Amino acid sequence: MDDAIPRDLHAPEPREDREIVQSVLRALDVLRSFDRQTPRQTLSQVAERTGLSRATARRFLLTFTHAGYMEQEGGRFRPTAKLLELGHSAVASLGLWDIARPIMADLSVRLGEAAFAAVLDGEDALYVAHAPSPGRVVAVGIAVGRRLPAYATSVGRVLLAGLGDQALAQALAAMKPSALTPNTVTSKPKLRAIIEEVRRNGFSIVDEELEVGLRSVSVPLRAPGGAVLAALNVCGPSSRVTAEVLHSRFLPELLEAADRINRSLRD
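A brief report on the enclosed structure follows. (Residues numbered from 1 in each chain as written. Predicted model: local features only at pLDDT ≥ 70, side-chain atom pairs only at ≥ 80, totals over all residues. Heavy atoms only, no water.)

A few words on the sheet that holds strand 3 (residues 76–79). Hydrogen bonds between backbone groups are what pair the strands of a sheet, and the pairing can be parallel or antiparallel. The sheet built from 3 strands is open, its strands ordered 1-3-2 with antiparallel pairing. Only two strands of the sheet have a single partner each, and these edge strands are strand 1 (41–42) and strand 2 (70–73). With 4 bridges joining them, strand 2 and strand 3 adopt antiparallel strand pairing. Bridged to Met-70 within strand 3 is Pro-79. Relative to the sheet, helix 3 (residues 54–67) contacts strand 2 and strand 3, its axis offset from that of strand 2 by approximately 105 degrees. (Pairing = 2+ DSSP bridges. Helix = DSSP H or I, 4+ residues; strand = E, 2+ residues; numbered from the N terminus. Contact = heavy atoms within 4.5 Å. Axes fitted to C-alpha atoms, helices over the stretch in contact; angles between N-to-C directions.)

Right, let's talk about the packing of helix 2 (residues 43–50) against helix 3 for a bit. For any two helices packed against each other, the geometry is given by the interaxial angle and the distance between the axes. Close contact between helix 2 and helix 3 brings their axes to 9 Å; oriented N to C, the two are set at 110 degrees. Judged on the interaxial angle alone, helix 3 and helix 2 are roughly perpendicular. In the packing of helix 2 onto helix 3, the handedness of the crossing is right-handed. Two secondary-structure elements touch here, helix 2 through Leu-43, Ser-44, Val-46 and Ala-47 and helix 3 through Arg-54, Ala-57, Arg-58 and Leu-61. Class assignment of the residues belonging to the contact of helix 2 with helix 3 gives a composition of 5 nonpolar, 1 polar and 2 charged. (Parallel < 35°, antiparallel > 145°, perpendicular 65-115°, else oblique. Left-handed = near helix turned anticlockwise from the far one by under 90°. Nonpolar A, V, L, I, M, F, W, Y, C, P; charged D, E, K, R; others polar.)

Turning our attention to the environment of Ser-238. Relative to the elements of secondary structure, Ser-238 occurs in the loop between strand 9 (228–237) and helix 9 (243–266). Judged by its relative accessible area of 19%, Ser-238 falls in the buried class. Spatially, the C-alpha atoms of Ser-238 and Asp-207 are 8.3 Å apart, while their sequence positions differ by 31 residues. Here Ser-238 is in contact with Glu-208, Gly-213, Leu-214 and Arg-215, once residues within four sequence places are set aside. (Buried < 20%, exposed > 50% of the residue type's maximum accessible area, 1.4 Å probe, protein only.)

Let's shift gears to the environment of Glu-256. By the secondary structure assignment, Glu-256 is in helix 9. As for Glu-256 and Ile-103, which are separated by 153 residues in sequence, their C-alpha atoms are 9.9 Å apart.

Burial of strand 7 (residues 204–207) is one-sided: the residues Ser-204 and Val-206 facing one way are buried, the residues Ile-205 and Asp-207 facing the other way are not. Of the strand pairs in this sheet, strand 7 and strand 8 (residues 214–222) are connected by 4 bridges, and their pairing is antiparallel. Note that in strand 8 the partner of Ser-204 across the bridge is Ser-218. Turn length for the strand 7-strand 8 hairpin, with the two strands adjacent in sequence and antiparallel, is 6 residues, and the turn residue Glu-208 shows positive phi of about 60 degrees.

Below is the structure:
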């Protein structure tokens, strides 16, 4: 059994630290070594950044990989979206939605359309916050708690773009895209290409793929370390929201609102 314990953890602990589990602290150091500047690292990089021996760093990385919290791409490791399962409750306790709701309400007033936020739940985008459009007779029929297929929504594509390559490949393999409208993209290779473009651009626009007459644009909300926590969205009927309006007016406002939320989480 001792072989499963990092060798450099065998040293006696100071009396005042006997109730502190040093291996947990070091595991957290490994996780914290991954950030926006270094989202992928080799074993040597992790060992250098954490001050751990290569053998100890390797055990932690392989343990995280076995549990699904890390993935290995060639010789590099990268945290997976499964880590968000540990972080959602913590983020909630930090007041993410308390921070986001007034900013979403302001966004909705400025744009005159509903604003939403969603998280990834399996193959679906789960809507968790909503700021209704003020004074609109024709409103978008999406409510908090509703699930929609990630492949056909702009929020879903932003959330899928936040996955690592292996997790994304697994998510796409599990999907069974169907044509919800004549515009719905159902080809998995094409979906993969679209999601990779979302990664590069930092936003997603979906034009009548989920529902005829509905256009939407979404951007990511990020944890302080850079991981995608949720997607922020504005959508509206195509009768009053053109593709040009989405690009030229909605997207800049949405990016600014997301930046306000992200900065508040970092403060």
